[in-house]
Amino acid sequence: MPTAIVSLVAILSTTAFLALWFWVVRRELSGKQKTVDAAKAQLAASRQHCMRVRDGPGEEAARQILERSDSIYGQTVRLYNETLKKPWNYIPGLLMGFRARNDTEREGGEK
């Protein structure tokens, strides 16, 4: 009887630990993924704006914004990938479907 109680406590605590671990990893990676998606949308908007003002008075300012957006997107992808590759995030992340992002996924195929 005491062995059964100890075993039950061990099983319950291990299950709770795994659930909490996966929940924390999901929250962290989902947040980073949303940041990457937002940066990608901003990059696309900056690229469209740059195309609209081409050869116009605001071309240089639009080009600077596009370069900044491109840099921010690259940084967010790098941070997401670094977070995914941390040893305590890697296995749960892969099991939950998170994959490394390639920053060459930028619209227009630029690097």
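Refer to the preceding data block for the structure.
Sequence order as written defines the numbering, with residues in each chain counted from 1. Predicted model: local features are reported for residues with pLDDT of at least 70 only, side-chain atom pairs are reported and counted for 80 or more only, and whole-chain, interface and lining totals are derived from all residues. As a rule here, side-chain values cover all heavy atoms of the structure and leave hydrogens and water aside.

1. Section: a nonpolar patch on the surface
Alright, step 1. Here, patches come from residues exposed beyond 30% relative accessible area and free of salt bridges, joined within 9 Å for like charges and within 5 Å for nonpolar side chains (Val, Leu, Ile, Met, Phe, Trp, Tyr). Computed with a 1.4 Å probe, the accessible areas rest on the Shrake-Rupley method; for each residue, only the protein chains presented here act as cover. By definition here, a salt bridge exists when the distance from a side-chain nitrogen of Lys or Arg to a carboxyl oxygen of Asp or Glu is within 4 Å. Judged by side-chain polarity, Met 1, Ile 5 and Val 9 come together as a nonpolar surface patch covering roughly 350 Å² of accessible area.
Alright, step 2. Counting from the N terminus, the helices are DSSP H or I runs at least four residues long and the strands are E runs at least two residues long. Take Ile 5: it is sitting in helix H1 (residues 2-52).

2. Here's the deal with the packing of H1 against helix H3 (residues 87-95)
Alright, step 1. Under this scheme, a helix contributes an axis fitted over its contacting stretch, all axes are lines through C-alpha atoms, and angles between N-to-C directions fall in the 0 to 180 degree range. Relative to each other, H1 and H3 sit at 85°, their axes nearing to 9 Å. In terms of their interaxial angle, H1 and H3 are classed as roughly perpendicular. Contact residues: H1 offers Trp 21, Phe 22, Val 25, Glu 28 and Leu 29, while H3 offers Trp 88, Asn 89, Pro 92, Gly 93 and Leu 95.
Alright, step 2. A class-by-class count of the residues in the contact of H1 with H3 yields seven nonpolar, two polar and one charged. Working definition: roughly parallel below 35 degrees, roughly antiparallel above 145 degrees, roughly perpendicular at 65 to 115 degrees, and oblique for all remaining angles. Here, two residues are considered to be in contact whenever any of their heavy atoms come within 4.5 Å of each other. Three residue categories are used. Nonpolar comprises Ala, Val, Leu, Ile, Met, Phe, Trp, Tyr, Cys and Pro, charged comprises Asp, Glu, Lys and Arg, and polar comprises the others, including Gly.

3. A short note on the packing of aromatic side chains
Alright, step 1. Two rings from Phe, Tyr or Trp (for Trp, the six-membered ring) form a pair when their centres sit within 6.5 Å of each other. Planes less than 30 degrees apart are called stacked, planes more than 60 degrees apart edge-to-face, and all others tilted. Per the counting criterion, the structure on display carries two aromatic pairs.
Alright, step 2. A centroid spacing of 6.0 Å and a plane angle of 25° characterise the contact between Phe 17 and Trp 21, whose relative ring orientation is stacked. Of this pair, Phe 17 and Trp 21 both sit in helix H1, four residues apart, which is roughly one turn of that helix.
Alright, step 3. Its relative accessible area of 52% is what places Phe 17 among the exposed residues.
Alright, step 4. In this structure Trp 21 comes out as partly exposed when scored by relative accessible area, which is 29%.
Alright, step 5. By the ring-pair criterion, three or more aromatic residues cluster together here, those being Phe 17, Trp 21 and Phe 22. We call a residue buried when its accessible area falls under 20% of the maximum for its residue type, exposed when it is over 50%, and partly exposed in between, using a 1.4 Å probe and counting protein chains only.

4. Focus: the side chain of Ser 46
Alright, step 1. Structurally, the position occupied by Ser 46 is in helix H1.
Alright, step 2. Those residues in contact with Ser 46 that lie beyond four places of it in its chain are Ile 65, Leu 66 and Ser 69.

5. Points about the environment of Lys 34
Alright, step 1. Looking at where Lys 34 falls in the secondary structure, it is placed in helix H1.
Alright, step 2. Overall, the relative accessible area of 62% leaves Lys 34 in the exposed class.
Alright, step 3. A C-alpha to C-alpha distance of 19 Å links Lys 34 and Lys 86, two positions 52 residues apart in sequence.

6. So, H1
Alright, step 1. Each residue after the first adds 1.5 Å to the expected span of a helix. In a regular helix each residue adds 1.5 Å, so 51 residues correspond to 75 Å; H1 covers 75 Å between its end C-alpha atoms and thus fits that length.
Alright, step 2. Looking only at H1, the buried set comprises Val 25, Leu 29, Val 36, Ala 39, Leu 43, Ala 44, Ser 46, Arg 47 and Cys 50.
Alright, step 3. If you follow the buried residues of H1, they end up packed against helix H2 (59-85) and H3.

These figures capture arrangement, not role.
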